[in-house]
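# Understanding the architecture of this molecule
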Amino acid sequence: MAEETVVLIVGAGPAGLATAACLNLLSIPNIVLEREDCCASMWKKRSYKRLKLHLAKQFCQLPHMPFPSDAPTFVSKNGFIHYLDTYAARFNVQPLFARSVESVALDEGEGGGGGEKWWRAVARNVVSGEEEVYVGRFLVVATGENSEGFVPKIQGLEGFGGEVIHSCQYVSGDRFSGKDVLVVGSGNSGMEIAFDLSNCGARAAISVRSPEMVQLGMSLLKFIPCNIVDTLVVGLSKLRYGDFSNYGLQMASKGPFYLKRTTGRSPTIDVGTMDKIRTGKIPVFPAMINIKSDGIEFANGKTRSFDAIVFATGYKSTVRKWLKWKGNDNDDRGGDGGVHEGGDVNVDNGNDGGGMNTNNDNRGAVHVGNISCNGDSGGVLAVLIMVAVKDGGCGKVDGNLFNEEGMPKQRHPDHWKGENGLYCVGFASAGLFGISNDAQSIAKDINSILSQKRANDG
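As a starting point, this report considers the structure included with it. (Residues numbered from 1 in each chain as written. Predicted model: local features only at pLDDT ≥ 70, side-chain atom pairs only at ≥ 80, totals over all residues. Heavy atoms only, no water.)

## Some remarks on the pattern of salt bridges
Evaluated as defined, the whole model comprises 14 salt bridges. Ionic pairing is found between D85 and K44, a salt bridge with its closest N-O pair at 2.9 Å. One end of the pair, D85, is in helix α3 (residues 77–90); the other, K44, is in helix α2 (residues 41–45), and 41 residues separate them in sequence. In this structure D85 comes out as partly exposed when scored by relative accessible area, which is 32%. The structure contains a network of salt bridges with shared partners spanning E36, D37, K45 and R46. (Salt bridge = Lys/Arg side-chain N within 4 Å of Asp/Glu carboxyl O. Helix = DSSP H or I, 4+ residues; strand = E, 2+ residues; numbered from the N terminus. Buried < 20%, exposed > 50% of the residue type's maximum accessible area, 1.4 Å probe, protein only.)

Encoded structure:
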């Protein structure tokens, strides 16, 4: 027997919580399905100790609940987790935990009947092992850009004799004390992990593949055009840090907010790493070319041995591993069929907007200097509301929302709405600020559709 609701939400990260809260305030029934045993599992289980929101708290709050006035400007990991738990309780968001969504299809005649199309989700109860079915008139996808850690293909990596981890597996530098550790990626997570490793007694180094005052800039964007803000921020960054090209870091040709808007790459906020680079405590190498028996070969021809490699190279969307779309006959796209709350929160991609990263650090970042900022990209964490579709008789309609890379076909601000009642949250490369806006837009749109339907039926 299928359990019916109006809106199906998959994933209980910040995006899922925000959307459910907005719907609850409008008295719109919804069900939140979450694979893990808690909300915000990425923050609670897969983020490092010193993580903080990189943007000021006013840019990281979810809809209808500001951070407390006595909260620090840059909220800590534990502080943000407490905020999310309080948020869920205040707006009566009660996810169904341990539900791993294995397929989602658009069916006609399901649910309320009348020839309407309803989304049908099949979920496995992780505890009992039983299969459960949920149907809803609307489906929100919030797996975000950060569903799965991205590790670039590097010749010889499989034969590396040391430890290899992704940044989402990194907790602290304590266990690397006395070791040579290469951090690949110069976004927020990469720079902060290198800083943490160095402080914990490891001999950290950074590999930069491509070149790369944020709080001030975010505030100015409310009143001044982006190109002017970029010019000011880049100028201030140069005054603060000077020329770092001699240390292996190149300034990007475009400003940080232009790059964020057009490519999704986030500006990197310094937490003390730049001083360590300047003093030679953290050397910077170019891209890795090959891993040999005698060490790692870099693009400048140099070779050096390391005990461990930490890939702070961002995340990627995995929507297409589950979701089928029109014209696609590939019924087995891999994956475990489960819905994962998300990835970086990075926790890694150096996301701005407070967030758990939404872009790939390995593509480079702009080094800027809000010297009072501390911690990693705090959360866009867009973690997810997700639509997962695996093989098993599912329809081949995805609501015309995603491209083949699992990202919205339309750019901001038209990225969040598809067809047939399909929406997405956390795909705007805009951190928690973007999640907040998307959640409110989705709730408002669904409410408008339901109101119109009631008027027509009446």
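## Points about the state of the cysteines
The full count for this structure, using the stated rule, is zero disulfides. Cysteine C39 remains unbridged, with the sulfur of C38 as its closest cysteine sulfur at 6.4 Å. C39 gets classed as buried once you look at its relative accessible area, which sits at 7%. (Disulfide = S-S within 2.5 Å.)

## Observations concerning the pairing of strand β3 (residues 99–108)
By the criterion of burial, β3 is predominantly enclosed, with seven of the ten residues buried. Across nine bridges, the pairing between β3 and strand β4 (residues 117–125) is antiparallel. Within β4, the residue paired with R99 across the bridge is N125. (Pairing = 2+ DSSP bridges.)

## With respect to the packing of aromatic side chains
The geometry of an aromatic ring pair comes down to the distance between the two centres and the angle between the two planes. In the structure shown here, the tally under the stated rule is 13 aromatic pairs. Seen in terms of ring centroids, Y48 and Y170 are 6.0 Å apart; in terms of plane orientation they differ by 75 degrees. Their pairing is edge-to-face. Of the two residues, Y48 sits in the loop between α2 and α3 while Y170 sits in the loop between β7 (163–166) and β8 (180–184), which places them 122 residues apart along the sequence. Take Y48 and Y170: they sit in the same class, and that class is buried. Three or more aromatic residues joined by ring pairs form one cluster here, namely W43, F67, F80, Y83, Y87 and F91. The ring centre of F138 lies 4.8 Å from the NZ or CZ of R137, which sits over that ring. (Phe/Tyr/Trp six-rings, centres within 6.5 Å; stacked < 30°, edge-to-face > 60°. Lys NZ or Arg CZ within 6 Å of the ring centre and 35° of its normal.)

## Details of helix α4 (residues 188–199)
With twelve residues, α4 should reach 16 Å at 1.5 Å per residue; the first-to-last C-alpha distance of 17 Å fits that figure. Where burial is concerned, most of α4 is hidden: eleven out of the twelve residues are buried. Three or more residues of α4 are buried, namely N188, S189, G190, M191, E192, I193, A194, F195, D196, L197 and S198. In the segment just after α4, G201 is the residue with positive phi, at about 95 degrees. (Expected span 1.5 Å × (residues − 1).)

## What about the sheet that holds strand β12 (residues 288–292)?
With respect to topology, three strands assemble into an open sheet ordered β12-β13-β14, the strand pairing being antiparallel. Taken across any chain shown, the strands that pair with only one partner, and hence form the sheet edges, are β12 and β14 (303–304). As defined by bridge partners, strand β13 (residues 295–298) adjoins β14 across two bridges and the pair is classed as antiparallel. Looking at β14, one finds that I296 is bridged to R304.

## Quick look at the sheet that holds β8
Pairing is parallel in the open sheet, where five strands are placed in the order β7-β15-β8-β9-β11. The open sheet is flanked by β7 and β11 (284–285), the only strands paired with a single partner.

## Details of the environment of G418
Along the chain, G418 turns up in the loop between β17 (367–368) and β18 (422–424). Between the alpha carbons of G418 and F402 there is a distance of 8.3 Å; along the sequence they are 16 residues apart. G418 has contacts with G399 and L401, leaving out every residue within four places of it along the chain. (Contact = heavy atoms within 4.5 Å.)

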